[in-house]
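Architecture at a glance
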Amino acid sequence: MMRLMTNAEISAAFTMIGKILELQNENPFRVRAYERAALTIASLPRELSDIYDEGGMKALRAIGGIGPDLGSKIEEMVKTGELKYLKELRKKIPEGLFAVMQIEGMGPKKTKMVWEKLKVKNVADLEKVAKAGKLAKLPKWGELSEKKVLQGIETRKSMGDRVPLTAALPLAELLVEKLKATKLCGQVAIAGSMRRRAETIGDIDILATSTKPAKVMEAFCALGEVKRVLSKGPTKSSVNLHAGMQADLRVVDENVFGAALHYFTGSKGHNVHLRGMGVKAGITISEYGVYKGTAEKKGKLLASKTEEDVYASLKLPYIAPELREDRGEIDAARAGTLPKLIEERDIKGDLHLHTDFSDGGADAVTMAKAAYAKGLEYIAITDHGSGMGMVRGLKENNLAQYLKMIGKARKAVPSLKILAGVEVDIQPDGSLYLPDKILKELDWVVASVHSQFKQSPEETTARLIRAIENPFVHAIGHPTGRLIGQRVGIEFSVEQVFAAAKKRSVAMEINASPPRLDLRDIHCKRAKEMGVMMTMGSDAHAPEELDMRFGVMQARRGWVEKGDVMNTKSWKDFEKWLRAPSPIGRRLG
Ligand SMILES: [Zn+2]
Ligand SMILES: [Zn+2]
């Protein structure tokens, strides 16, 4: 069957439906069902149209989270290339409101209000009414919320046309796979900032080798993901994708693939630094290879086939793409002190996840089964202990019920070690939402900031240090509270907070949830330098979110090694570490 809609497009359609329903104050469970289906579909290894071709509706329904209703919507999309339900929904809402809803401080309810009361239809309208002081006068708003919205608009602008890596990478990988499937290429690789796993990217750069470049260009421009061909040359083409990004493909000769890949991976700073070293050594480095002599008077070809060869020509070991930011990696390579970067398979446990006891979408047994199926040895269930009105979860009076639920999960998945944990709110003064007598009963305590992001840096520093000094806290969750492209997060003295964490053996979390990636790369690097422990958590709210892939990428950009992250330990070692007497004298369970 001709491919009418790709997984990326079907996923985008479901995301859109979720947003519109949210804007219409629909049942949150319905909203969540669409959001989850969108996530699942985006990460499917096979195209839905193929799955449907082979197994029909039954095969679609076998995918987790796809019920009869979503199943028939997918069926309609793969058969007709469109979805009537979404078309109808879209008519009811101005297109620009979706971007408005993404602005920090807005959300569906407030978006609905500014649309109805102030006729705001897009971000430009919103900025206008906010600057005119009209938001502050709306019921329940005030000047502080107005200021927050203006800051949110600035944050959004600062991202420009860049797209989060987490959204772009699966799509780029799909393009690579499809190019490989043409059998026209020798090698196909992602280059550019995406290969360095930068957290946002401008466009998708793909590099391939082929003896039939014209045919590769033909195939690339005809891919189902392509909306418009911007330029098509004999060895380079640029296209706009349906998903709203630009993708460039270059085809080079097999012999110069390494030099080209190195050149087009960047970063600029890294390449300039290397070229400078080359000049001193009397060699020239370019996308065509490493030569003796100058660019004008090229001598013998020294290297071009592999990136390893390129580095070797400068007497350097291979430097991983994630490190190529000119942040000291070249000196480290020279000195033989490059880090041996952490890998996804090093992660043995997940120390941050939620169930439907708080705001998760699945029960503890389902989450535990999914974690075990992913190959994890242990998890900590960390439902919220939060004073925020909307969030259910652990309170002073329901600990027994919570532990009972965890007991049930332990029984259902006996081979998985399950820690009874909590993600407790750090209140504005640094105290925790739950009293010590509750925290003491738990195996694993993550403390996180979920409100009051706008304190002064001094106040925030004191707030975090007070939380770190609580004797029952093991880790600080998503320490900066940022949301990529949406929220800057809290400001504090990284030096002081990390020093306090080190002193108390409290870990800083690398939250692997795609919108967060927090700690960010430079903070990971600083934590490592200061000898602060780190943990990694998926912050999953549904089984398919039990994924730390992007967290590992962020950690690698931060020079993090296996030994820096506590949950790379086997359960045996992790338990030993958790039980060991520590400066704060905590004990497991
Ligand atoms: Zn949280
Ligand atoms: Zn969480």
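Use the structure listed above.
A brief report on the enclosed structure follows. In this text, all values refer to a predicted model and were calculated from it rather than measured experimentally.

Parameters and conventions
- Residues numbered from 1 in each chain as written.
- Chains lettered and ligands numbered in written order.
- Predicted model: local features only at pLDDT ≥ 70, side-chain atom pairs only at ≥ 80, totals over all residues.
- Heavy atoms only, no water.
- Helix = DSSP H or I, 4+ residues; strand = E, 2+ residues; numbered from the N terminus.
- Pairing = 2+ DSSP bridges.
- Axes fitted to C-alpha atoms, helices over the stretch in contact; angles between N-to-C directions.
- Donors = N, O, S within 2.8 Å, 3.2 Å for Na, K, Ca; no water.
- Tetrahedral: all angles 85-135°; square planar, octahedral: opposite > 155°, others 65-115°.
- Buried < 20%, exposed > 50% of the residue type's maximum accessible area, 1.4 Å probe, protein only.
- Salt bridge = Lys/Arg side-chain N within 4 Å of Asp/Glu carboxyl O.
- Contact = heavy atoms within 4.5 Å.
- Phe/Tyr/Trp six-rings, centres within 6.5 Å; stacked < 30°, edge-to-face > 60°.

Considerations on the environment of Lys576
- Position of Lys576 relative to the elements: it lies in helix α24 (residues 571–579).
- Each C-alpha atom, one on Lys576 and one on Leu48, is 45 Å from the other, the two residues being 528 residues apart in sequence.

Observations concerning the sheet that holds strand β10 (residues 298–303)
- Spatially, β8-β9-β10 is the arrangement adopted by the three strands of the open sheet, whose pairing is antiparallel. Looking at strand neighbours, the two that pair on one side only are β8 (283–286) and β10, the edges of this open sheet. Averaged over neighbouring strand pairs, the angle between their axes works out to 30° when direction is ignored.
- Direction of pairing for β8 relative to strand β9 (residues 289–293): antiparallel, over a ladder of four bridges. By the bridge assignment for β9, Thr284 is matched with Tyr291.

Description of the sheet that holds strand β17 (residues 534–537)
- The strand order β11-β12-β13-β14-β15-β16-β17 describes an open sheet built from seven strands, whose pairing is parallel. Each edge of the sheet is formed by a strand with only one pairing partner; in this case those strands are β11 (349–350) and β17.
- Inspection of the sheet shows strand β12 (residues 378–385) paired to strand β13 (residues 417–425) by eight bridges, in the parallel sense. Across the sheet, Gly385 pairs through a bridge with Val424, a residue of β13.

A closer look at the coordination of the zinc ion (ligand 2)
- On the protein side, the zinc ion (ligand 2) has His352 (NE2), His354 (NE2), Glu423 (OE) and Asp539 (OD) as donor atoms, found 2.1 to 2.2 Å from it.
- Every donor counted, the four donor atoms about the zinc ion (ligand 2) form angles of 83 to 170° at the centre, which fits irregular coordination.
- Ordering the donors of the zinc ion (ligand 2) by residue number gives the pattern H-x1-H-x68-E-x115-D.
- Between the two metals, the zinc ion (ligand 2) and the zinc ion (ligand 1), the spacing is 3.4 Å, and Glu423 donates to both. One end of the pair, His354, is in the loop between β11 and α17 (364–373); the other, Asp539, is in the loop between β17 and α23 (549–557), with 185 residues separating them in the sequence. Residue His354 shares its accessibility class with Asp539, and that shared class is buried.

Here's the deal with the coordination of the zinc ion (ligand 1)
- The zinc ion (ligand 1) binds to the protein through Glu423 (OE), His450 (NE2) and His478 (NE2), with metal-donor distances spanning 2.1 Å.
- Each donor residue of the zinc ion (ligand 1) lies on one chain, and together they are spaced E-x26-H-x27-H.

Comments concerning the pattern of salt bridges
- Using the criterion set out here, one finds 38 salt bridges in the structure.
- Arg32 is the salt-bridge partner of Glu545, the closest N and O atoms lying 3.6 Å from each other. One end of the pair, Glu545, is in the loop between β17 and α23; the other, Arg32, is in helix α2 (residues 28–42), and 513 residues separate them in sequence.
- The partly exposed category is assigned to Arg32, whose relative accessible area is 21%.
- Its salt-bridge partner being Glu88, residue Lys91 comes within 3.1 Å of it at the nearest N-O pair. Taken as a pair, Lys91 and Glu88 lie in helix α5 (residues 84–91) at a separation of three residues, close to a single helical turn.
- Residue class for Glu88 comes out partly exposed when judged on its relative accessible area of 45%.
- Three or more residues are tied together by salt bridges with common partners; here these are Arg196, Glu325, Arg327, Asp521 and Arg557.

Here's the deal with α23
- With eight of nine residues buried, α23 is to be regarded as a mostly interior element.
- In this structure, the buried residues of α23 make contact with α10 (165–181), β16 (507–511), α22 (521–530) and β17.
- Positioned one or two residues after α23, Trp559 has a phi angle of 65°, which is positive.

As for the packing of aromatic side chains
- Counted under the stated rule, the structure contains nine aromatic pairs.
- With 4.8 Å between their ring centres and 50° between their planes, Phe357 and Tyr402 make a pair best called tilted. Of this pair, Phe357 sits in the loop between β11 and α17 while Tyr402 is found in helix α18 (residues 399–412), placing the two residues 45 residues apart along the sequence. The two residues Phe357 and Tyr402 agree in class, both being buried.

Regarding unusual backbone geometry
- Across the junction of Gly266 and Ser267, the peptide omega takes the value 0°, indicating a cis bond.
- A cis amide bond links Asp518 to the next residue, Leu519, at an omega of 10°.
- Locating Leu519 in the fold gives a position in the loop between β16 and α22.
- With phi around 55°, Asn25 is a residue other than glycine that occupies positive phi space.
- Looking at the secondary structure, you find Asn25 in the loop between α1 (7–23) and α2.

Observations regarding the side chain of Arg324
- Within the fold, Arg324 resides in the loop between α15 (307–313) and α16 (329–335).
- Exposure remark for Arg324: the relative accessible area of 0% places this residue in the buried category.

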